[in-house]
Amino acid sequence: MENKDIEQLETSSFRDPDAKVFLKDGEIYRRISKNYAKTFEKFINSGLYEKLLSENLIIEHTQIESDDLIIKPKKVFISYPWEWCFSQLKDAALATLKIQKIALEYNMSLKDATPYNIQFLKNKPLLIDTSSFEDFKEKPWVAYRQFCENFLSPLVLIAYTDLSLSSLFLGNINGISLALASKLLPLKTRFNPNLLWHIHIHSKMQNKYSENKTKYDVKISKNQLLNIIDNLYDTVLGINLKKYKTEWQEYYSNTNYTEDSFGTKKEIITCFKNKINPKTVWDFGSNTGIFSRIFSKEGIDVTAFDIDHLAIEKNYLTAKENGEENIFPLIFDISNPSPALGFNNEERKTLTQRAQNVDLILALALIHHLRITYSIPFSYIAKYFAEISKYLIIEFVDKKDSKIQTMLLNREDIFDDYTKENFEKEFGEFYQILEIKPIDGTKRTLYLMERK
């Protein structure tokens, strides 16, 4: 068993020479290196930290009394750019540019512009890397290329080419190369002056200078750099998602629930909620978050996962518009979870590795898709859920339900084990079934379970 009193270096922290993130007693800390201490003190004493804090652009931290310079940042759930919808990535990009512009006012500059330095807290993008600043010098922005590859490239590819292209991050966690973006983008983007410069010409210049062994000493004034940042900001602001239609985006407007049965389902889930009083919920297959909000509206933290990009987009924009701080939508394919990535598969973690103190999993209208569409056995699903949370609210959909009948219309029914009795038996290996409630007027049943 691990000793929590021992410092454990965060496995994604080895690349940064200026600060090391470590865990102790289950808490996260950042140790500032001696070489970076003077720059960090300028960041604090100049007022830049307080300014960013007041603008809700940086994670709050407290300094720990120690011989070393150690800070303790506020805890936040770590998510990755391939889990973000378009608007989340766009908001993270705009926040990065706002931070850079404010930093320049204090004669400092971001030396990194990576989405991994941005995390969402209460649906607001915050910088979590407090050692990401350096003194401003009259030179090109060192993080310009990184910003374009990690923010601009994926944004324009999603907006102009296909929603799913954010998954290109999984093939290269350091961003989507400008050369690839330039090849994949449609011709019309070359008639957009900003995209022509920041993507297409930038890509050609990058190739040209990578073959040139001459070192260029280019000076750039603060005003010039501010103009570039402003132009990037306007460019990102002008990228908008075109109208897509996906299977799940309008799911609730086309279901086999009556108004009464839909209301009954909400009532049963509310009853289950009141019995266990969870503090944190993971909603798998959340769609646009209707059932997530049964919990989040009462101040319970909900992470709402769905495979559908536009469903998550709609959920996120709704949460922003309504000021809902307790629901955090993320793109996630439970049938094909993203793997651990980076050097030695330790820089970016799986979802289960990031799971901490999850009280309840909500799995509504999901089990039939996992078992029939993806052929995942009940026992595998039960084991996966049980590794994450103590409680489970799950909906079993009978084979006579019209949705399953449609699913089996053009394929052979080889799922003899898909029965209510076998479902209860397989899940019973991992869970104690606390309550069973049929949803009146449907072929569906809700279960409240507790991990054994």
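Scope of this entry: the structure provided in the associated data block. Throughout this document, residue positions are counted from 1 along each chain, in the order its sequence is written. Only residues with pLDDT of at least 70 get local features here, since the model is predicted, and only at 80 or more are side-chain atom pairs given and counted; chain-wide, interface and lining totals rely on the full set of residues. Hydrogens and water molecules were not included; the side-chain quantities draw on all heavy atoms of the structure.

## Here we look at the overall build of the protein chain
Strands here mean DSSP runs of E at least two residues long; helices mean DSSP runs of H or I at least four residues long; both are numbered from the N terminus. What the protein chain contains, in helices and strands, is 15 helices and 16 strands. Relative to a compact globule of 452 residues, whose C-alpha radius of gyration would be 22 Å, the protein chain shows 24 Å and is just as compact. Under the scheme applied here, a residue whose accessible area is under 20% of the maximum for its type counts as buried, over 50% as exposed, and between as partly exposed, the area being computed with a 1.4 Å probe on protein chains only. Expressed as a percentage of the 452 residues in the protein chain, the buried residues total 50%. Contacts are assigned to residue pairs with any non-hydrogen atoms lying within 4.5 Å of each other. In the protein chain, 70% of the contacts between residues at least 6 apart in sequence involve partners at least 24 apart. A 1.4 Å probe and the Shrake-Rupley method give the accessible areas. Residues count as covered only by the protein chains that appear here. Carbon and sulfur atoms form 48% of the exposed surface of the protein chain, whose accessible area is close to 22,300 Å². This radius of gyration counts C-alpha atoms alone. The globule rule is 2.2 Å times how many residues there are, raised to the power 0.38.

## Some thoughts on the pattern of salt bridges
We define a salt bridge as a contact between a side-chain nitrogen of Lys or Arg and a carboxyl oxygen of Asp or Glu at a distance within 4 Å. Following the criterion strictly, the structure yields 24 salt bridges and no others. Lys399 is paired through a salt bridge with Asp413; the nearest N and O atoms lie 2.8 Å apart. Here the residue Lys399 occupies a position in the loop between strand E14 (389-397) and helix H14 (402-407), and Asp413 occupies one in the loop between H14 and helix H15 (420-428), the gap between them amounting to 14 residues. On the accessibility criterion, Asp413 (36% relative accessible area) is partly exposed. Residues Asp401 and Arg444 are paired through a salt bridge, measuring 3.0 Å at the closest nitrogen-oxygen approach. With Asp401 in the loop between E14 and H14 and Arg444 in strand E16 (residues 444-451), this pair connects stretches of sequence that are 43 residues apart. Shared partners join several salt bridges into a network, and the residues in it are Lys265, Glu395, Asp401 and Arg444.

## Let's talk about the sheet that holds strand E4 (residues 61-64)
Two strands make a pair as long as DSSP finds a minimum of two bridges between them. Taking strand neighbours across the sheet as the criterion, the 5 strands line up as E1-E2-E3-E5-E4 in an open arrangement whose pairing is antiparallel. Strands at the two margins of the open sheet, each flanked by one partner only, are strand E1 (8-9) and E4. Here helix H1 (residues 37-45) sits on the sheet and contacts strand E3 (27-32), E4 and strand E5 (69-73); the angle it forms with E5, its principal contact strand, is near 50°. Every axis in this analysis is a line fitted to C-alpha atoms, fitted for helices over the stretch in contact. Angles between the N-to-C directions lie between 0 and 180 degrees.

## Here's the deal with the packing of aromatic side chains
When two rings of Phe, Tyr or Trp (its six-membered ring) have centres within 6.5 Å they constitute a pair, described as stacked for plane angles under 30 degrees, edge-to-face for angles over 60, and tilted for the intermediate range. Scanning the model with the defined rule gives 31 aromatic pairs in all. Ring centres 6.3 Å apart and planes at 65° place the aromatic pair Tyr80 and Tyr116 in the edge-to-face group. Of this pair, Tyr80 sits in the loop between E5 and helix H3 (86-105) while Tyr116 is found in the loop between strand E6 (108-110) and strand E7 (118-121), placing the two residues 36 residues apart along the sequence. Looking at Tyr80, the relative accessible area reads 4%, which means it is buried. Taken together, the aromatic side chains of Phe77, Trp282, Phe284, Phe305, Phe332, Tyr384 and Phe385 make up a single cluster linked through ring pairs. A cation sits over an aromatic face here: Arg348 above Tyr116, 3.8 Å from the ring centre. Sitting over a ring, as applied to charges here, requires NZ of Lys or CZ of Arg to be within 6 Å of the ring centre and within 35 degrees of the ring normal.

## Let's talk about the nonpolar core
Membership of the largest hydrophobic core comes to 101 residues, with the highest contact counts inside it found for Phe133, Trp141, Phe284, Phe385, Ile394 and Phe427. Among the elements that make up this core, the one with the highest residue count is H3 (11 residues). Contacts of Ile394, omitting those with residues within four sequence positions, involve Ala363, Ile367, Phe385, Phe423, Phe427, Thr445, Leu446, Tyr447 and Met449. We call a set of buried Ala, Val, Leu, Ile, Met, Phe, Trp, Tyr and Cys residues a nonpolar core when their side-chain atoms join them within 4.5 Å. In this structure, Ile269, Ile300, Leu364 and Leu446 belong to the second largest nonpolar core, which totals 19 residues.

## Some points on the sheet that holds strand E11 (residues 301-306)
Taken in spatial order, the 7 strands line up as E12-E11-E10-E13-E14-E16-E15 in an open sheet, and their pairing is mixed. Each having just a single partner strand, strand E12 (327-331) and strand E15 (431-438) make up the two edges of the open sheet. Adjacent strand axes in the sheet meet at a mean angle of 20° when their direction is disregarded. Contacting E11 and E12, helix H10 (residues 309-322) runs over the sheet at an angle of about 160° to E12. Sitting on the sheet, helix H13 (residues 378-386) is in contact with strand E10 (280-284), strand E13 (358-363), E14, E15 and E16, with an inclination near 145° to E14.

## A short note on the environment of Ser46
Within the secondary structure, Ser46 sits in the loop between H1 and helix H2 (48-54). Overall, Ser46 belongs to the partly exposed group, its relative accessible area being 29%. When the C-alpha positions of Ser46 and Met108 are compared, they lie 9.6 Å apart, and in sequence the two are 62 residues distant. Apart from residues no more than four positions distant in its own chain, Ser46 is found in contact with Glu41 and Tyr106. Contacts described as polar in this section are N or O atom pairs within 3.5 Å, which, within protein, must combine one atom able to donate a hydrogen with one able to accept it, while residues neighboring in sequence count only if both atoms come from side chains. Of note is the side chain of Ser46, whose polar atom sits 2.8 Å from the backbone oxygen of Lys42.

## Details of the side chain of Asp16
Relative to the assigned elements, Asp16 resides in the loop between E1 and strand E2 (19-24). In this tally, Lys and Arg are treated as positive and Asp and Glu as negative; His is ignored, and so are the chain termini. Despite its burial, Asp16 pairs with no opposite charge; the closest candidate is Lys111, at 4.2 Å N-O. Within polar-contact distance, the side chain of Asp16 engages the backbone nitrogen of Asp18 at 2.9 Å.

## Comments concerning a nonpolar patch on the surface
A patch consists of residues whose relative accessible area exceeds 30% and which take part in no salt bridge; residues with like charges are grouped when within 9 Å of each other, and nonpolar side chains (Val, Leu, Ile, Met, Phe, Trp, Tyr) when within 5 Å. A surface patch of nonpolar side chains, about 330 Å² in accessible area, is lined by Leu9, Phe14 and Phe343. Of note, Phe343 is situated in the loop between E12 and helix H11 (351-354).

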